[in-house]
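Given next are the chains, with one letter for each unit.
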Amino acid sequence: MTRQIALVDCNNFYVSCERLFRPDLKTTPIVVLSNNDGCVVSRSNEAKVLGIRMGQPWFECKQQAEEQGILALSSNYALYADLSNRVMSILADFAPRTEVYSIDECFVDLTGMSKVRDTNYSMRDRVLQWTGLPVCVGVGPTKTLAKLANHIAKKHPRSRGVFNYNDLTDEQQTRLLGQINVGEVWGVGRKLTKHLAAHGINTVQDLRMAHAPTLRAEFGVVIEKTQRELQGVACIELEDHVTDKQQMICSRSFGKHVTGLAVLQDALSVFTATACEKLRAQNSHAALVQVFMLTNRFRQDLPQYNPSMAVPLPMPSNDSLVINRWVQHVAELLWRDGYKYKKAGIVLGDITPVSVVQTDWLEPTSAANGTRLMSAIDGLNNRFGRGTIKVSAGGMCDGWAMRHERKSPNYTTEWDAVPSV
């Protein structure tokens, strides 16, 4: 039986989310900017036609945007996450096996189902009708070919947003793959594309038919797996459940330079609370805490200082208060006056399940009390919104907050921002 792996991908996801509540922007060229309004992370088709590049720094294209009427918006992650959850919930109704690959992509296993073509159009139509977000569907026998089929569904209007690679004959597959640049293959970036071109591999068909032993010797086992996937041999299976993270990093670039220890510690308190909340969500605890600070490496006129320190905890913990005390202590040790800090963060390492712990029989433990307190905090924050109960005074200082001067309202996650008709 031929495997039918579908990849459902939202079109220009961030831009589509913004247009959902602003129908007047349907034909306006739009770009969505990254944290601190740094660079372009999503573009409407109109903005692409005007030459705006993905990842282009905003300061480079700001003047062009003003001259050509391009609307720039700050990232609204609360809105994007909520709409993403709605899309993934809809897709989960179509098949027993799905894998949420990213905020705007989901693999759906349709193997063994009848009327796969009708199901593909049903997924596209239902997501559009229930959420207002346009999607494209690509189907193939492997995840890599499904990604490639989705690319074709987006680029060719005749497909009407759905393309099934399995419906092609062998001759049609060969002709099609010979017309697609190898850089469109999942996992093949710009540097690897140039390296492959030096070996005469320019199209997807070239990679598919390349000499496997030579390919593995020159590029490694990952490219060999990619080649096998292009040949229809599944090497990357769907992940039915998300594996627990072995390391957690929470960091942010500041909206403006931080020159005071209290402000930086305030930011670290917020990062600690966020990381520990995720740690508890997967029922784990950490035995290692690392703190780092960075000055602005793009400002060579400023003195540079990028310290980092990792400390093992006496006992593994997921208690925000316990870990925050260690984070604040390390921050004091690393801090040096006279520098302008642009970014800071924490790393939680040596993560294990809470059931795996080596206790210290010489030291008393208050783990039970801490667990109940953290459960109460998580419950309140889940009910009334993140940040309702804070660690220390986390978030009280505004000297480190990100810039999002162009951010749209949280239409679906804040009562005051719900649009009225």
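Structure's up top.
Residues numbered from 1 in each chain as written. Predicted model: local features only at pLDDT ≥ 70, side-chain atom pairs only at ≥ 80, totals over all residues. Heavy atoms only, no water.

## Structural notes on the pattern of salt bridges
The tally for this structure, following the rule as stated, stands at 14 salt bridges. Between Lys-154 and Asp-9 there is a salt bridge; the shortest N-O distance is 2.6 Å. Within this pair, whereas Lys-154 is found in helix α6 (residues 143-155), its partner Asp-9 is found in strand β1 (residues 5-10), the two being separated by 145 residues in sequence. Judged by its relative accessible area of 38%, Lys-154 is partly exposed. Ionic pairing is found between Arg-19 and Glu-46, a salt bridge with its closest N-O pair at 3.0 Å. Taken together, the positions of Arg-19 in helix α1 (residues 13-20) and Glu-46 in helix α2 (residues 45-49) put the pair 27 residues apart, joining distant regions of the chain. (Salt bridge = Lys/Arg side-chain N within 4 Å of Asp/Glu carboxyl O. Helix = DSSP H or I, 4+ residues; strand = E, 2+ residues; numbered from the N terminus. Buried < 20%, exposed > 50% of the residue type's maximum accessible area, 1.4 Å probe, protein only.)

## Considerations on unusual backbone geometry
One non-glycine residue, Arg-160, lies in positive phi territory at about 55 degrees. Looking at the secondary structure, you find Arg-160 in the loop between α6 and β8 (162-164). According to the relative accessible area criterion, Arg-160 is partly exposed, its value standing at 48%.

## A short note on helix α11 (residues 221-230)
The set of residues buried in α11 consists of Ile-223, Glu-224, Thr-226, Gln-227, Glu-229 and Leu-230. Remark: Gly-232 follows α11 within two positions and exhibits a positive phi of approximately 95 degrees.

## Details of the packing of aromatic side chains
This model, assessed by the stated rule, comprises 13 aromatic pairs. With 4.2 Å between their ring centres and 10 degrees between their planes, Tyr-14 and Tyr-80 make a pair best called stacked. Of this pair, Tyr-14 sits in helix α1 while Tyr-80 is found in helix α4 (residues 77-91), placing the two residues 66 residues apart along the sequence. Judged by its relative accessible area of 16%, Tyr-14 falls in the buried class. Ring centres of Tyr-77 and Tyr-80 lie 6.3 Å apart, and the angle between their planes is 90 degrees; this geometry places the pair in the edge-to-face category. Here Tyr-80 and Tyr-77 lie together in helix α4, a separation of three residues that amounts to about one turn. What makes Tyr-77 partly exposed here is its relative accessible area of 37%. When its relative accessible area of 0% is taken as the criterion, Tyr-80 is described as buried. Linked through ring pairs, Phe-13, Tyr-14, Tyr-77 and Tyr-80 together constitute an aromatic cluster. The side chain of Arg-126 reaches across the aromatic face of Trp-130, ending 5.2 Å from its centre. Taking NZ or CZ as reference, Lys-143 lies 4.7 Å from the ring centre of Phe-107, over its face. (Phe/Tyr/Trp six-rings, centres within 6.5 Å; stacked < 30°, edge-to-face > 60°. Lys NZ or Arg CZ within 6 Å of the ring centre and 35° of its normal.)

## Considerations on the environment of Ser-84
Take Ser-84: it is sitting in helix α4. For the pair Ser-84 and Trp-335, spaced 251 residues apart in the sequence, the C-alpha separation amounts to 39 Å. When neighbours within four sequence positions are excluded, Ser-84 is seen to be in contact with Phe-13 and Ile-103. (Contact = heavy atoms within 4.5 Å.)

## Quick word on the sheet that holds strand β5 (residues 98-102)
Taken in spatial order, the five strands line up as β5-β6-β1-β7-β8 in an open sheet, and their pairing is mixed. Each having just a single partner strand, β5 and β8 make up the two edges of the open sheet. Strand after strand, the sheet turns through a mean of 15 degrees between neighbouring axes, direction not considered. α4 rests against β1, β5 and β6 (105-109) of the sheet, and its axis sits at about 10 degrees to β6. Against the sheet, α6 touches β1, β5, β6, β7 (135-140) and β8, its axis set at about 140 degrees to β7. (Pairing = 2+ DSSP bridges. Axes fitted to C-alpha atoms, helices over the stretch in contact; angles between N-to-C directions.)

## Observations concerning the state of the cysteines
Applying the stated rule across the entire model yields zero disulfides. Unpaired in terms of disulfides, Cys-61 finds its nearest cysteine sulfur in Cys-39, a separation of 9.3 Å. Lacking any disulfide linkage, Cys-276 is separated from the closest cysteine sulfur, that of Cys-250, by 9.7 Å. You can call Cys-276 buried: its relative accessible area is 0%. (Disulfide = S-S within 2.5 Å.)

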